Structures are given as structure tokens and as C-alpha cells.
Amino acid sequence: MAHWLYKSEPSVWSWDDQVKAGAKGTHWDGVRNHAAKLNLMAMKKGERGFFYHSNEGKEIVGIVEVISEAYPDPKDEKGVFVMVDLKAVKPLARPVSLEVIKTEPRLKEMALIKFSRLSVQPVTDAEWALVCEMGGIAP
């Protein structure tokens, strides 16, 4: 199974908002970048990802799970972009900040550092395990 990272500004959609959506989850829409779209299209039900607070906080705060694979984003008038549905799984015991990630040599190739503007990113198995450990949870 692949792992992912989803970025959201907390003032727009926060971890707390995701948790409040409950088991029914919510759609992850509004992605308008073709690389991020390809990532959404590659996702499979049951795969997990990090929930990252961007701009405000700049930290990984929780784990989400794909509960519905890619389908058309109805807000996209051209019909080019897709969305998936996600549910909150659990918070990290300790949020992992971008600053800390940047100081960890084993994470120097992480998409979060190399492609900082990409809103939906792949995470390798090794990165997943290390960030989970840094966040105080089991991978």
C-alpha cells in the first residue's frame, strides 16, 4: 500500500474539522495541480496519509485513510480534476514540524521538502515509518 501526505491550511480545513467529519469522512476537493491530480488518481481505498497543516503551523498532525477512490470533482467546470474521500484515523501523539523534518537527514528526499508547493504528495514506506516514530505512534 502507498502512503500520502495531504496539505491543508487550518483556517480553511483543519485536523479538528477532519475529525468532526467522523467515520463518513469528507471529500478532498479543490486540487488544481496535475501532479497532485495524478497522486489522487493513484490512491486506493484503505491507503493512509499524513494530514499536514500548511502555512499556519507547518506540521504533520494526524493520519487519514482513503475511504473512496478518485472521482470527478464537481466544482471543476472543465471536468479535468478529481477528488477522493478521507476519514481521520488518529492524531500523532506529537506533531512533527516541517522544521524538524528538514533537520532529519533520512528525510532529505521527502516530497514535503523537495516539492513544497505540491498539495497532495507520495510518502515512501521509510519516510512513513520514520515520521510515525517521530510523531510517537506505530506505523
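For the structure, check the block above.
Residues numbered from 1 in each chain as written. Predicted model: local features only at pLDDT ≥ 70, side-chain atom pairs only at ≥ 80, totals over all residues. Heavy atoms only, no water.

**Q** An account of the packing of aromatic side chains is requested, with residue identities and associated values reported.
**A** Counting across every chain of the model gives four aromatic pairs. On the numbers, 5.4 Å between centres and 65° between planes, the contact of tyrosine 6 with tryptophan 28 is edge-to-face. In this pair, tyrosine 6 is assigned in strand β1 (residues 3-8) and tryptophan 28 in strand β2 (residues 26-28), connecting sequence segments 22 residues apart. Like tryptophan 28, tyrosine 6 is buried. Between tryptophan 28 and phenylalanine 51, the aromatic rings sit 5.7 Å apart at their centres with planes inclined by 85°, giving edge-to-face as the arrangement. Here the residue tryptophan 28 occupies a position in strand β2, and phenylalanine 51 occupies one in strand β3 (residues 48-53), the gap between them amounting to 23 residues. The two residues tryptophan 28 and phenylalanine 51 agree in class, both being buried. Seen from the ring of phenylalanine 81, lysine 37 lies directly overhead, with NZ or CZ sitting 5.9 Å from the centre. (Phe/Tyr/Trp six-rings, centres within 6.5 Å; stacked < 30°, edge-to-face > 60°. Helix = DSSP H or I, 4+ residues; strand = E, 2+ residues; numbered from the N terminus. Buried < 20%, exposed > 50% of the residue type's maximum accessible area, 1.4 Å probe, protein only. Lys NZ or Arg CZ within 6 Å of the ring centre and 35° of its normal.)

**Q** Describe in detail helix α2 (residues 34-42), supporting the description with residues and values.
**A** The set of residues buried in α2 consists of Ala36, Lys37, Asn39 and Leu40. The buried residues of α2 occupy an angular sector of 160° when projected down its axis, which confines them to one face. Residues of α2 that are buried in the fold lie against β1, β4 (59-72), β5 (82-97) and β6 (120-123). You can read the cap of α2 off the contacts: a side-chain oxygen lies 2.8 Å from the backbone nitrogen of alanine 35, and it is on asparagine 33. (Arc of directions from axis to C-beta. Contact = heavy atoms within 4.5 Å. Polar contact = N/O pair within 3.5 Å; in protein donor to acceptor, adjacent residues only side chain to side chain.)

**Q** Before we move on, can you summarise the sheet that holds β5 with the specific residues and values?
**A** Judged by pairing direction, the sheet is mixed, and its six strands sit side by side in the order β2-β5-β4-β3-β1-β6 without closing on themselves. Both outer strands of the open sheet, β2 and β6, are each paired with one neighbouring strand and no more. Within this sheet the neighbouring strands show an average axis-to-axis angle of 40°, counted without direction. One ladder, built from six bridges, connects β3 with β4; its direction is antiparallel. Bridging across to β4, histidine 53 finds its partner in glutamate 59. (Pairing = 2+ DSSP bridges. Axes fitted to C-alpha atoms, helices over the stretch in contact; angles between N-to-C directions.)

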